[in-house]
Amino acid sequence: MKKLILVSIFILAVSSVEIVQSQTIKENFEAGKKAFYADSFDEANKLFNPILQMETENYETFFYKGLIYEIYFDFDRALSELTNAIEAKPNESETYFRRGIVYDKKDMLKEAIKDYTKTIELNENNVDAYFSRATDYQELKEYGKAIDDYSDAIDLNPDDDISFYNRGLLYKETGDFENAINDFNQAILIDSIWQSELGREIENMKKGK
């Protein structure tokens, strides 16, 4: 009976510690997130750090720490934290997208493309992933893939004048003046700010230039 009582006390003590720990994690995370959105990034990081000492695979904490290091231009640490977040929760599309952005900032375009591709696999409606992958393909001169991605971005957001503009540039580059003119006209229709620049481009292409 005495042994049973001691075991019960031990279990109760462990449970109490876990409850307190859980409350501390929640409180620190909410305070850290509040500091993050108030642009108090140092304070947010200080609040997030103890969480990982208590819970070594806390996805949300890794994710926000990754964003903080990205803001600080510490891209290597940002990649490390976002990779930890992915390992903690492998099916969150937004984490792959954010890591892709960091890869882009390090000019690691092929790695960024892989992450944007994974983002799209997990969330086929992420218009930003299509657009970002398109710009990387464009820079790598893989024009067909870039055009396909800009087209998907436009399907998801028909008012995206930048995608029409960029796709128009690619059509022009590949000699498809008809589609280039159509895209430039659409960009102008969405935002007249393009008129002065693209108006001349359209007239030149109509003349075969």
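If you're wondering where the values come from, they're calculated on a predicted model, not measured in any experiment. (Residues numbered from 1 in each chain as written. Predicted model: local features only at pLDDT ≥ 70, side-chain atom pairs only at ≥ 80, totals over all residues. Heavy atoms only, no water.)

Asker: Mind showing me how you'd approach the overall build of the chain here?
Answerer: Secondary structure summary: the chain contains 11 helices and 0 strands in total. In the chain, the succession of helices and strands from N to C terminus is α-α-α-α-α-α-α-α-α-α-α. Buried positions account for 41% of the 209 residues belonging to the chain. Contacts in the chain between residues at least 24 apart in sequence constitute 43% of all its contacts with a sequence separation of at least 6. Element-wise, carbon and sulfur atoms account for 50% of the exposed surface of the chain, whose accessible area totals about 12,200 Å². (Helix = DSSP H or I, 4+ residues; strand = E, 2+ residues; numbered from the N terminus. Buried < 20%, exposed > 50% of the residue type's maximum accessible area, 1.4 Å probe, protein only. Contact = heavy atoms within 4.5 Å. Areas by Shrake-Rupley, 256 points an atom, 1.4 Å probe, with all protein chains shown as cover.)

Asker: Would you explain the side chain of Asp161 in this entry?
Answerer: Here Asp161 is to be found in helix H9 (residues 161–173). In contact with Asp161, not counting residues within four places along its chain, are Ala187, Ile190, Asp191 and Trp194.

Asker: Any chance you could explain the side chain of Asn45 here in plain terms?
Answerer: Within the secondary structure layout, Asn45 lies in helix H2 (residues 41–54). The residues touching Asn45, leaving out its near neighbours within four places in the chain, are Lys65, Ile68 and Tyr69.

Asker: Explanation requested: unusual backbone geometry in the structure shown.
Answerer: The general pattern is negative phi for most residues beyond glycine and trans for most peptide bonds. If you check the backbone angles, Phe73 has positive phi at about 65° while not being a glycine. Within the element layout of this structure, Phe73 appears in the loop between helix H3 (59–71) and helix H4 (75–88). Positive phi, close to 60°, is recorded for Asp107, a residue that is not glycine. Along the polypeptide, Asp107 turns up in the loop between helix H5 (93–105) and helix H6 (109–122).

Asker: How do you make sense of the pattern of salt bridges when you look at a structure like this?
Answerer: Where charged atoms from two side chains of opposite charge come close, those side chains can pair. Inspection of every chain in the model, using the stated rule, returns 11 salt bridges. Close ionic contact of Lys118 with Glu121 constitutes a salt bridge, the shortest N to O distance being 3.7 Å. With a gap of 3 residues between them, Lys118 and Glu121 both fall in helix H6, about one helical turn apart. Look at Lys118 and you get partly exposed, because its relative accessible area is 28%. If you follow the salt bridges from partner to partner, you end up with Glu70, Arg98 and Lys105 in one network. (Salt bridge = Lys/Arg side-chain N within 4 Å of Asp/Glu carboxyl O.)

Asker: Could you clarify how one ought to interpret the nonpolar core in this entry?
Answerer: In globular proteins that are soluble, nonpolar side chains generally tend to be buried together. The biggest cluster of nonpolar side chains holds 32 residues, and the ones touching the most others in it are Phe36, Ala44, Phe48, Phe63, Tyr64, Ile68 and Val102. Going through the elements one at a time, helix H1 (2–37), H2, H3, H4, H5, H6 and helix H7 (127–139) are the ones with two or more residues in this core. The element contributing the most residues to this core is H3, with 7 residues. Once you skip the residues sitting within four places of it in the chain, Ile68 turns out to touch Phe36, Phe41, Ala44, Asn45 and Phe48. Tyr150, Ile154, Ile181 and Leu198 belong to the second-largest nonpolar core, a separate cluster that totals 20 residues. (Core = buried A, V, L, I, M, F, W, Y, C linked by side-chain atoms within 4.5 Å.)

Asker: It is not clear to me how the environment of Glu60 should be interpreted in this structure. Could you clarify?
Answerer: Looking at the element boundaries, Glu60 is found in helix H3. A C-alpha to C-alpha distance of 9.9 Å links Glu60 and Thr95, two positions 35 residues apart in sequence. Other than its neighbours up to four places away in sequence, Glu60 contacts Phe29 and Lys89.

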